[in-house]
Amino acid sequence: MDRNLRARDIMTRGVQCIREDQSLQDAARMMRELNVGCLPICGDDQRLQGLITDRDIVVKCCADGKDPASMRAGDLAGNLHWIDADSNAQEALDTMEVHQIKRLPVIDVQGGHRLVGMITEANLAKNLSDADIAEFAIRVYAAN
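Report on the accompanying structure. (Residues numbered from 1 in each chain as written. Predicted model: local features only at pLDDT ≥ 70, side-chain atom pairs only at ≥ 80, totals over all residues. Heavy atoms only, no water.)

## Description of the sheet that holds strand 3 (residues 38–42)
Then, in step 1: The sheet built from 3 strands is open, its strands ordered 2-3-4 with mixed pairing. Both edges of this open sheet fall to strand 2 (18–19) and strand 4 (48–53), since each of them pairs with a single strand only.
Then, in step 2: Where strand 2 and strand 3 come together, 2 bridges link them in parallel fashion. Within the sheet, the bridge partner assigned to Ile18 lies in strand 3 and is Ile41.
Then, in step 3: Those strands touched by helix 2 (residues 24–34) are strand 2, strand 3 and strand 4, and its axis lies near 130 degrees from that of strand 3. (Pairing = 2+ DSSP bridges. Helix = DSSP H or I, 4+ residues; strand = E, 2+ residues; numbered from the N terminus. Contact = heavy atoms within 4.5 Å. Axes fitted to C-alpha atoms, helices over the stretch in contact; angles between N-to-C directions.)

This is the structure we're talking about:
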């Protein structure tokens, strides 16, 4: 990976949040409309509170017989890992590998601690060598 790249250079911009008080049904619809499998959860202050994935909705709601229309996105916020937009892109890769995550929110710390983007596997694939992609896959998918 180019050592001069910053997280902001490789991220996807224009990420849309779901509010923590919105339902999981709202989250599922939003994911369908945006053709994504993950949404950032933001509070009333528009700051990042967590992430919710399509898998979270299925496993932590539907599979338990809960009603997605009455369960709130904030209920599934979970652990949150993020990176500063000005951090080196290698730090983003390292964070994703260490925590075995496939999506990493990017926060502009100097710009009011606001969510400015998301780094995904697709972003990494565009910026990593084949060897780096293989190493990432081993560390994230095969490690247990």
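## Some details on the pairing of strand 4
Then, in step 1: For strand 4, the tally of buried residues reaches 5 of 6 residues, placing the bulk of the element in the interior.
Then, in step 2: Note: strand 3 against strand 4, 5 bridges, orientation antiparallel. Across the sheet, the residue bridging to Cys38 is Thr53, located in strand 4.
Then, in step 3: Counted along the chain from strand 3 to the antiparallel partner strand 4, the turn is 5 residues long, and its residue Gln46 has a positive phi close to 65 degrees. (Buried < 20%, exposed > 50% of the residue type's maximum accessible area, 1.4 Å probe, protein only.)

## Section: the pairing of strand 6 (residues 103–108)
Then, in step 1: With 5 of its 6 residues buried, strand 6 lies for the most part within the structure.
Then, in step 2: Direction of pairing for strand 5 (residues 83–84) relative to strand 6: parallel, over a ladder of 2 bridges. Looking across to strand 6, one finds that Ile83 is bridged to Val106.
Then, in step 3: Pairing analysis gives 6 bridges linking strand 6 to strand 7 (residues 114–120), with the strands arranged antiparallel. From the neighbouring strand, Leu104 faces strand 7, where its bridge partner is Ile119.
Then, in step 4: The turn joining strand 6 and strand 7, which pair antiparallel and follow one another in sequence, is formed by 5 residues; a positive phi near 95 degrees is taken by Gly112.

## A short note on helix 2
Then, in step 1: Among all positions in helix 2, only Leu24, Ala27, Met30 and Met31 are buried. Each buried residue of helix 2 sits inside an arc of 115 degrees when the element is viewed along its axis, so together they form one side. In helix 2, the exposed residues that point more than 90 degrees away from the buried face are Arg32 and Glu33.
Then, in step 2: Residues of helix 2 that are buried in the fold lie against strand 2, strand 3, strand 4 and helix 3 (54–60).
Then, in step 3: Immediately downstream of helix 2, the backbone of Asn35 shows phi near 55 degrees, a positive value. (Arc of directions from axis to C-beta.)

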